[in-house]
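The primary structure of each chain is shown beneath.
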Amino acid sequence: MADLRIFSYLPNPRVWKATIAARFCGVDVEVRGAPARELKGWLWDYDARPLVEEERQSLSSLARTGRVGLTGAQLFKTDAFLAAQPFGNVPAAFGPAGKVGIFESNSIMRAVARLGEATYQLYGRDAYEASRIDGFLDVSLVFARDRSISLRCRPARSMRPFTRARRRRLRSMRRGSNRPCRRGGIRWWGTGSRWPTSALPPNLRCSRTSMRGLNS
């Protein structure tokens, strides 16, 4: 049995965070899912799976109208799924046997890091480092929100002055936080927040030359 099971539309970059952390930490993560348009025909549950037509008819009482992403679609969500996932969205992660649900991609990634801390302390070596990592994860949500707003307003000439100013400020913040960290190792946002490649597990190390390509 996997240490953690994730149900999501695929491909989903929000799931990649958890699977990358799993490779660092040696955690067994199982991912189930399909392209977003196909999830309308799936059972949304810990035991998520595609449904045949006969099952869709017999499980019609589970059909619920999607509100986010698959807006207006009839989605087959079990009561157990909604009890474990109070917002009813994906990606949705579950502990063994589906008793505990974990939602929000950063929280899923944190769960993976905690499960594998004996193998690799990806989430920090103490409460201070863990809290600093939390800060970077939290501020990334702010960047993502502003980026989403600017993308919805493209082309740039259609933006309101306030939105255009926010986008310029976002670019400035990201340049300022990234620039000190573009030398070798893994790039982290923030001055001095660079881990050398020697800190990585042997199977994840690469040369400085290849890391320059990743950090450019």
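Residues numbered from 1 in each chain as written. Predicted model: local features only at pLDDT ≥ 70, side-chain atom pairs only at ≥ 80, totals over all residues. Heavy atoms only, no water.

Visitor: Looking at this model, I keep getting lost on the side chain of Q85. Mind explaining?
Guide: Position of Q85 relative to the elements: it lies in the loop between helix 3 (79-84) and strand 7 (92-94). Among the residues examined, Q85 registers a relative accessible area of 1% and is labelled buried. With sequence-adjacent residues up to four places away left out, Q85 is seen in contact with A92, A93, F94, G101, I102 and F103. (Helix = DSSP H or I, 4+ residues; strand = E, 2+ residues; numbered from the N terminus. Buried < 20%, exposed > 50% of the residue type's maximum accessible area, 1.4 Å probe, protein only. Contact = heavy atoms within 4.5 Å.)

Visitor: Please clarify how the pairing of strand 1 (residues 4-9) should be interpreted in this entry.
Guide: Consecutive side chains along a regular strand alternate between the two faces of the sheet. With 5 of its 6 residues buried, strand 1 lies for the most part within the structure. Taken together, the 6 bridges between strand 1 and strand 2 (residues 29-34) define a ladder with parallel strand orientation. The residue bridging R5 from the neighbouring strand is E30, located in strand 2. Where strand 1 lies against strand 7, 3 bridges are found, and the strand directions are antiparallel. In the strand pairing of strand 7, R5 is matched with F94. (Pairing = 2+ DSSP bridges.)

Visitor: How should helix 1 (residues 13-25) be read in this particular structure?
Guide: Because an α-helix packs 3.6 residues into every turn, residues spaced three or four apart end up facing the same way. Over its 13 residues, helix 1 runs 19 Å from end to end, which matches the ideal 18 Å to within 8%, given 1.5 Å per residue. All of the buried residues along helix 1 are V15, A18, T19, A21, A22, F24 and C25. Those residues of helix 1 that are buried are in contact with strand 1, strand 2 and helix 4 (105-115). Put simply, N12 is the residue that caps the front of helix 1, since its side-chain oxygen is 2.9 Å from the backbone nitrogen of R14. Taken from the residues just after helix 1, G26 is the one with a positive phi, measuring 70°. (Expected span 1.5 Å × (residues − 1). Polar contact = N/O pair within 3.5 Å; in protein donor to acceptor, adjacent residues only side chain to side chain.)

Visitor: Can you help me understand the packing of helix 1 against helix 4 in this one?
Guide: In helix packing, the relevant descriptors are the interaxial angle and the interaxial distance, both defined with respect to the helix axes. Their axes nearest at 8 Å, the elements helix 1 and helix 4 cross at an angle of 10°. Comparing their axes, helix 4 and helix 1 come out roughly parallel. Contacts between helix 1 and helix 4 involve R14, K17, A18, A21, A22 and C25 on the former and, on the latter, S105, N106, I108, M109, V112 and A113. Per-class residue counts for the contact of helix 1 with helix 4 are 8 nonpolar, 2 polar and 2 charged. (Axes fitted to C-alpha atoms, helices over the stretch in contact; angles between N-to-C directions. Parallel < 35°, antiparallel > 145°, perpendicular 65-115°, else oblique. Nonpolar A, V, L, I, M, F, W, Y, C, P; charged D, E, K, R; others polar.)

Visitor: Before we go on, may I ask you to explain the pattern of salt bridges in this structure?
Guide: For the coordinates displayed, the defined rule picks out 9 salt bridges. Of the charged contacts, one joins R110 and D138 as a salt bridge, the two residues approaching to 3.6 Å between their closest N and O atoms. Of this pair, R110 sits in helix 4 while D138 sits in helix 5 (residues 127-152), placing them 28 residues apart in sequence. According to the relative accessible area criterion, R110 is buried, its value standing at 14%. (Salt bridge = Lys/Arg side-chain N within 4 Å of Asp/Glu carboxyl O.)

Visitor: Whenever I open this one, unusual backbone geometry confuses me. Can you help?
Guide: Glycine aside, a negative phi is what most residues show, and trans is what most peptide bonds show. Following L10, the chain continues to P11 via a peptide bond in cis, the omega torsion being -5°. Tracing the backbone through its elements, the reader meets P11 in the loop between strand 1 and helix 1. The linkage connecting V90 with the following residue, P91, adopts the cis geometry, with an omega of 5°. Residue E104 is not a glycine yet carries a positive backbone phi of 75°. Assignment of secondary structure puts E104 in the loop between strand 8 (101-103) and helix 4. Judged by relative accessible area, E104 falls into the exposed class, the value being 53%.

Visitor: Sorry if this is basic, but what is going on with the sheet that holds strand 8 here?
Guide: One open sheet holds the 4 strands; their spatial order is 2-1-7-8, and the pairing between them is mixed. Both outer strands of the open sheet, strand 2 and strand 8, are each paired with one neighbouring strand and no more. When the angles between neighbouring strand axes are averaged without regard to direction, this sheet yields 25°. On the sheet, helix 1 packs against strand 1 and strand 2 and is oriented at approximately 155° with respect to strand 1. Each of strand 1, strand 2, strand 7 and strand 8 is contacted by helix 4, which is oriented at about 125° to strand 8, the strand it contacts most.

Visitor: Explanation requested: the nonpolar core in the structure shown.
Guide: Side chains of nonpolar character tend, in soluble globular proteins, to be buried together. Of all hydrophobic cores here, the largest spans 23 residues; its most connected members are L4, I6, V29, I108, V112 and L122. Listing elements by their share of this core, those giving two or more residues are strand 1, helix 1, helix 4 and helix 5. Here this core takes 6 residues from helix 1, the largest share from any one element. Sequence-distant contacts of V29, defined by excluding residues within four places in its chain, comprise L4, I6, A22 and V112. (Core = buried A, V, L, I, M, F, W, Y, C linked by side-chain atoms within 4.5 Å.)

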